[in-house]
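Structural features, examined
Single-letter residue listing:
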Amino acid sequence: MNKPASVPEHFDAVVVGAGFSGLYMLYRLRQLGLSVKVFDSAGDVGGTWYWNRYPGARCDIPTTDYTYSFDPELEKEWTWSEKYATQPEILEYLRFVADRHGLRSDIEFSTAVTSARWDEPAKRWRITTDRGKEVRCRYYIMATGCLSMPKSPDIEGAGRFAGQVYFTSRWPHEGADFTGQRVAVIGTGSSGIQSIPLIARQARQLTVFQRTANFSIPAHNGPAPADRLEQLDEGRDAYRHAARWSRGGVPLEPTDVLGVTASESVRQERFETAWEQGELFGILNVFADQGVNPASNDIVAEMIREKIRSAVKDPETAEALCPKDHYFGTKRPCLDTGYFETYNLPHVRLVDLRKHPIVSITEDGIETADESFGFDAIVYATGFDAMTGALVAADVAGRDGLSLEEKWAPGPSTYLGLMTAGFPNFFMLTGPGSPSVLSNMTVSIEQHVDWVARCLEDMRDEGLETIEPTALAEAGWDQHVQDCGAITLYPTANSWYMGANVPGKPRVFLPYIGGVDAYRQACDEVAAQDYLGFRMTGPGGARCRDGVVRSMQPDVAMVLEFVAALGLPPMETLSAADARALMAATAEDRPPGPEVGEVTDGVIPGPAGDLPYRLYRPAGPPGGSRPLVVYFHGGGWVLGNLDSDDPLCRDLCARSGAVVVSVNYRHAPEVRFPAAALDAFAAVQWADANAIELGGIPGQLAVAGWSAGANVAAVACQLTRDAAGPHICGQLLICPVVDSDMTRPSYEENADGYILTTALMRWFWDHYADPADRGDPVAAPLRGDLQGLPPACIVAADFDPLRDEGVAYARALEAAGVPVRLTRARGHTHTSVTMVDVVISGAPVRAEIGEALRDFFPSAEPPGM
Ligand code: N01
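Within each chain, residues carry numbers counting from 1 in the order of the written sequence. In keeping with the model being predicted, local features are shown solely for residues with a pLDDT of at least 70 and side-chain atom pairs are shown and tallied solely at 80 or more, while totals for entire chains, interfaces and linings include all residues. To obtain the side-chain values, all non-hydrogen atoms of the structure were included, while hydrogens and water were left out.

This next bit is on the site of the ligand. Residue proximity to a molecule or strand is established when one non-hydrogen atom of the residue lies within 4 Å of it. Around the ligand, a shell composed of 26 residues is seen, among which Lys151, Asp154, Ser191, Thr212 and Lys331 lie nearest. Side-chain atoms alone can form a polar contact between residues adjacent in sequence; in general such a contact is a pair of N or O atoms within 3.5 Å, and within protein one must be able to donate a hydrogen while the other accepts it. Between an oxygen atom of the ligand and a side-chain N or O atom of arginine 332, the distance comes to 3.5 Å. Between the ligand and alanine 381, the relevant distance is 3.2 Å, taken from an oxygen atom to a main-chain nitrogen or oxygen of the residue. About the coverage of the ligand: the protein hides 90% of its 910 Å² of free accessible area. Helix and strand assignments come from DSSP, with helices taken as H or I runs of at least 4 residues and strands as E runs of at least 2, each series counted from the N terminus. The leading source of residues in the shell around the ligand is helix α5 (residues 190-202), at three residues. Think of it as three bins: nonpolar holds Ala, Val, Leu, Ile, Met, Phe, Trp, Tyr, Cys and Pro, charged holds Asp, Glu, Lys and Arg, and polar takes everything else, Gly as well. Per-class residue counts for the shell around the ligand are nine nonpolar, nine polar and eight charged. With residues, only the protein chains shown are counted as cover, and all accessible areas are computed by Shrake-Rupley using a 1.4 Å probe.

Structure representation (structure tokens):
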């Protein structure tokens, strides 16, 4: 019996969207015994596959993988006919799933949700629809898809055209017949690239208006690949499991071949194999470094450009079709069938909008800056307001009436891409900040739905009714999402991943690029740790375990994983000689660091014999004088030498524009305290006395060091002050050892697992200084008189046992009136900041260091890089 419209219906959950994610969410919620209503503005199930009916629409992940895995029987009953199924077949599949599980009875089609308001006293959402209906629910779940809100045509005169207008994203159900017509297609993303060859088959004339040339590879469509089917037959569960724990949601062994170091034949072979395979993740996995290293990326990009040049006969058209303004992969690459060859047809023409911009759309066609075109039909393949568009448009207001639109005005903010603070019980499936569009969507959808279902089940079991992320957890996740993007080339492109395709949209990297596997791990950890970062309330009590699930820089975490996999013995169990050999061996294959103008080796007289030094002169005209930095390497007074810190010294030289003189000092246990410190003091005096010969500017001298090198640098500053000269302009102390008291919290927090361990630090001290000497300021400069010391830049890394003593030294110097710049190496370890060209996220920290060095000097020249 129908209820009167004025009485709102109550459901446990309302889901918006009946595509892949909405259908599975409904299925799982029903399994939990919850009452559910699904709304969709479409006339049937299908989501994106309901709307995007343009000719040529197909998936771009092989259909064997682009499929549900939750129902093994369903998998047996459905066989995909092609490697990349067409839109009608995928839609048919979703209808089949809906019918098989009787899902339609809980779905209200042709009904759009117009607003949602959180009712705090009732702890319910109030939802209204465009049919004037109001419903109440405890959980409000957006299954609205990432690419569902078409971008409105932002072209002058778009409303004036009197001919037929089509949007690829809202294609008419009855189809379109272009036979004998003059047709324009605007846009060359995936939708344009898939539809253009088929529109060309019908049209009398086809003109494609291209703003940005796009990378596309042939899909080589056909029957589902035999090897994939075999794998599935042999072990479907194992295959699906591998997909869930892969980087992109399709099982694939990530390569470790680097583009920059691979031989030409290996490059060709790997590229041609991926080209022939015709799969997105294959072509994105030609080289391990193509997503992060511009030189490697350009190798793949140029190979694709060569393919375009050989496919397109007219050289000018070919060149216009060659993407040159973004790195390969940083805009979604396309899979096509005969796209580039279409331009060889006599009735197909490309208009390059970079050279001939559209001035206006007119009543009968399109006017560019230098030509008027008449058309019978215009097809807009101009894309979507991706990832946030549909969510924001749904008019959601959370606690205190704050709308999602207001909250996300500077860019979306989410915890795990699943929820956002201030919006209790509001879930997003594949929301911004989750792998979503960078992954096989079906795998990511199932993971999100399963996580939400498990969360609701756990809440029910524990008598909890509301859930919402904390501000701390959300800010931490947002930061992690940006950190993951920042070490890649992705943020450099004007892509929809960056929101750059929609005028006025904030430029933020929207998806999570850390991988489906890493993401799943993070979500699982959150749940396992009592829903870390979520605040939950209900009759069962209120609880909140606040915290940040990932705060380490992603590339630092990768290095640690790599090192852990090597299974090396802990250094503190080795002899000094073996520890030195191990350190030298691990440094063998690392990148050399940046080019500098000149590198020369020499010796200086030390207090007990010669000390080797290496001088780094910045690029620039010969003979020019520069400020001078005397640098001391790290290694706990036991390890290290001129080679160990060579890449870092090059980097410091290039960034600061100073001459860097790296001095080796005597090592323990052969020569113990205070030899290293006295050598450092002598080196500073010598450098000052020989500034002109070294190419330095007299009076412009700084000292620098990392770890134990920073210890001796700090001590040298104190000894120099006590000796009343020479004048030191500044001290750069990177993760310094400044005290022998190992009771500060960072020794406990970061005791193990971050390369420099508390045990290793103890081993270093034991090698260097007797316990009785460790309180001497020459060993522990924090205990010395800090008045009148040079300005300091101190770098303290989050995951360093030495972090707190570095911070303590900064505070103590400040208290003594010394100007201090404390640079926090966020998400870094003791060693990672110094790993030049290995740990990309260390570069911004070293940029700050370079700036600090330049600031030490009164008349520093601009850096050479
Ligand atoms: O949209 P797009 P799409 N004047 O944004 C151009 C997925 N998908 O619908 O690059 C002139 O990629 C715009 O130019 P520019 C897939 O993830 C998958 O094609 O902004 N031109 C661009 O060329 C895909 O990435 C499949 O300079 C204008 C094009 O229009 C995503 O959906 C199939 C313009 C838009 O390309 C979006 O693809 C289809 C203007 N004012 C889609 N505004 C599969 O294969 C925009 N453009 C599964």
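Only the stretch in contact is used when fitting a helix axis, every axis being a line fitted to C-alpha atoms; angles between N-to-C directions are given from 0 to 180 degrees. Between helix α6 (residues 226-234) and helix α7 (residues 236-244), the least distance of the axes is 5 Å, while the angle of their chain directions is 110 degrees. In this view, α6 runs roughly perpendicular relative to α7, as classed from their interaxial angle. Residue-level inspection shows Arg228, Gln231, Leu232, Asp233 and Glu234 of α6 in contact with α7, the latter providing Arg236, Tyr239 and Arg240. By residue class, the composition of the contact of α6 with α7 is two nonpolar, one polar and five charged. Angles are sorted into four bins: roughly parallel if under 35 degrees, roughly antiparallel if over 145, roughly perpendicular if 65 to 115, and oblique for all others. By definition in these notes, contact holds between two residues if any of their heavy atoms fall within 4.5 Å.

What is called the bend at a residue is the angle between a pair of axes, fitted to the seven residues leading up to and ending at it and to the seven starting from it. The principal kink in α5, of about 35 degrees, is found at isoleucine 196, preceding the proline proline 197 by one to four residues. Only protein chains enter the calculation, and the probe is 1.4 Å; a residue is then buried if its accessible area is under 20% of its type maximum, exposed if over 50%, and partly exposed in between. Taken together, the buried positions of α5 are occupied by Ser191, Gly192, Ile193, Gln194, Ser195, Ile196, Pro197, Ile199 and Ala200.

Moving on, we come to the sheet that holds strand β22 (residues 598-606). The strand order across the open sheet formed by eight strands is β22-β23-β25-β24-β26-β27-β28-β29, and the pairing between neighbours is mixed. Bordering the open sheet on either side are β22 and β29 (820-829), each of which pairs with just one other strand. Ignoring strand direction, the axes of neighbouring strands in this sheet form an average angle of 20 degrees. Pairing geometry for strand β24 (residues 626-632) and strand β25 (residues 659-663), over five bridges, is parallel. Looking across to β25, one finds that tyrosine 631 is bridged to serine 662. Along the sheet, helix α22 (residues 708-722) makes contact with β24, β26 (696-706) and β27 (730-734), crossing β26 at roughly 135 degrees. Along the sheet, helix α25 (residues 803-815) contacts β27, β28 (792-799) and β29; its crossing angle with β28, the most-contacted strand, is approximately 150 degrees. Note on pairing: DSSP must find at least two bridges between two strands before they are called paired.

So, on to empty space enclosed by the protein. Whether a set of points on the 1 Å grid over the protein atoms alone is a cavity depends on a 1.4 Å probe fitting there but being unable to get out, while an open set qualifies as a pocket with protein on both sides within 12 Å along at least five of seven lines; lining residues are those with an atom within 4 Å of a point. Grid points are joined across faces, edges and corners, and a volume is the space filled by probe spheres set on the points. Going through the model one piece at a time under the given rule, you end up with three cavities of 30 Å³ or more. By volume, the largest cavity amounts to about 80 Å³. When contributions to the lining of the largest cavity are tallied by element, the ones reaching two or more residues are α7 and α15 (441-461). For the lining of the largest cavity, the element with the highest residue contribution is α7, accounting for three residues. Its residues assigned to classes, the lining of the largest cavity comprises two nonpolar, four polar and four charged. Considering only enclosed or pocket space, the second largest cavity measures out at about 50 Å³ in volume. Residue composition of the lining of the second largest cavity, grouped by class: six nonpolar, four polar and no charged.

Glancing now at the pattern of salt bridges. For salt bridges, the criterion is a side-chain nitrogen of Lys or Arg within 4 Å of an Asp or Glu carboxyl oxygen. Using the criterion set out here, one finds 64 salt bridges in the structure. As a salt-bridge pair, glutamate 73 and lysine 76 come within 3.2 Å of each other at their nearest N and O atoms. Separated by three residues within a single helix, glutamate 73 and lysine 76 lie in helix α3 (residues 72-77), roughly one turn from each other. Judged by relative accessible area, glutamate 73 falls into the partly exposed class, the value being 39%. With relative accessibility at 61%, the residue lysine 76 sits in the exposed group. In this structure, arginine 138 engages glutamate 465 in a salt bridge whose closest nitrogen and oxygen atoms are separated by 3.3 Å. Residue arginine 138 is located in strand β6 (residues 134-142), and its partner glutamate 465 is located in the loop between α15 and β19 (466-469); the two are separated by 327 residues in the primary sequence. Judged by relative accessible area, arginine 138 falls into the buried class, the value being 18%. By relative accessible area, glutamate 465 is classed as partly exposed at 25%. Taken together, the salt bridges that share partners define one network made up of Asp298, Glu302, Arg305, Glu306, Arg309, Glu319 and Lys324.

A few words on the pairing of β22. Both β22 and strand β23 (residues 609-617) contribute to a ladder of nine bridges, which runs antiparallel. Looking at β23, one finds that proline 605 is bridged to aspartate 610. Once β22 ends, the chain turns through two residues before running back antiparallel as β23.

Patch criteria: residues need more than 30% relative accessible area and no salt bridge. Like-charged residues are merged within 9 Å; nonpolar side chains of Val, Leu, Ile, Met, Phe, Trp and Tyr are merged within 5 Å. Counted as positive: Lys and Arg. Counted as negative: Asp and Glu. His and the chain ends are not counted at all. Charged side chains are reduced to one point each, which is NZ for Lys, CZ for Arg, CG for Asp and CD for Glu. On the surface, a cluster of negative charge is contributed by Asp227, Glu230, Asp233 and Glu234. You can see aspartate 227 is positioned in helix α6. Looking at aspartate 227, the relative accessible area reads 49%, which means it is partly exposed.

Whether two aromatic rings pair depends on their centres lying within 6.5 Å, for rings of Phe, Tyr and Trp, where Trp uses its six-membered ring; planes under 30 degrees apart make the pair stacked, over 60 edge-to-face, and the rest tilted. Applying the stated criterion across every chain yields a total of 49 aromatic pairs. Where tyrosine 24 meets phenylalanine 70, the ring centres are 4.4 Å apart and the plane angle is 25 degrees; that geometry is what we call stacked. Here phenylalanine 70 lies in the loop between α2 (48-51) and α3 and tyrosine 24 lies in helix α1 (residues 20-31), a separation of 46 residues in the sequence. With respect to burial, tyrosine 24 and phenylalanine 70 carry one shared label: buried. Ring centres 5.2 Å apart and planes at 65 degrees place the aromatic pair tryptophan 78 and tyrosine 93 in the edge-to-face group. Residue tryptophan 78 is located in the loop between α3 and α4 (87-100), and its partner tyrosine 93 is located in helix α4; the two are separated by 15 residues in the primary sequence.

With that settled, consider unusual backbone geometry. A cis amide bond links phenylalanine 673 with the next residue in sequence, proline 674, at an omega value of 5 degrees. Inspection of the secondary structure assignment puts proline 674 in the loop between β25 and α21 (675-689). In this structure, methionine 387 is a non-glycine residue whose phi angle is positive, near 70 degrees. Tracing the chain through its elements places methionine 387 in the loop between β16 (377-380) and α13 (389-393). Phi angles above zero are rare outside glycine, and threonine 430 is one such case at about 55 degrees. Judged by its relative accessible area of 4%, threonine 430 falls in the buried class.

Moving on, we get to helix α24 (residues 758-768). Most of α24 sits inside the fold, with eight of its eleven residues counted as buried. Buried-residue contacts for α24 involve α19 (576-586), α21 and α23 (745-749).

On the surface, Phe562, Leu566 and Leu568 cluster together into a nonpolar patch covering about 290 Å² of accessible area. Residue position: leucine 568 is located in the loop between α18 (554-566) and α19. Classification of leucine 568 by relative accessible area gives partly exposed; the value is 35%.

Another aspect to go through is the state of the cysteines. Put simply, a disulfide is two cysteine sulfurs that come within 2.5 Å. All chains considered together, the criterion is met by zero disulfides. This cysteine, cysteine 334, is not joined by any disulfide, and cysteine 59 carries the nearest cysteine sulfur, 14 Å off. Cysteine cysteine 649 is unpaired, with the sulfur of cysteine 653 as its nearest cysteine sulfur at 9.0 Å.

The next subject is the sheet that holds strand β20 (residues 534-537). Overall, antiparallel pairing links the three strands, which are arranged β19-β20-β21 in an open sheet. Edge strands, defined here as strands with exactly one partner in the open sheet, are β19 and β21 (543-544). Sheet topology note: the β20/β21 ladder contains two bridges and is antiparallel. Opposite methionine 536, over in β21, you have arginine 543 as the bridge partner.

Here the focus is the nonpolar core. Grouped burial of nonpolar side chains is what soluble globular proteins tend to show. Counting residues in each nonpolar core, the largest one holds 131 residues, and the members touching the most others are Tyr68, Leu206, Leu416 and Trp451. Those residues within four positions of tyrosine 68 in sequence are excluded, and the remaining contacts are Gly19, Phe20, Leu23, Tyr24, Leu74, Glu75, Tyr93, Leu94, Val97 and Glu446. Definition of nonpolar core: a set of buried residues of the types Ala, Val, Leu, Ile, Met, Phe, Trp, Tyr and Cys, connected through side-chain atoms within 4.5 Å. Counting residues in each nonpolar core, the second largest holds 70 residues, with Leu615, Leu628, Trp763 and Ala792 among its members.

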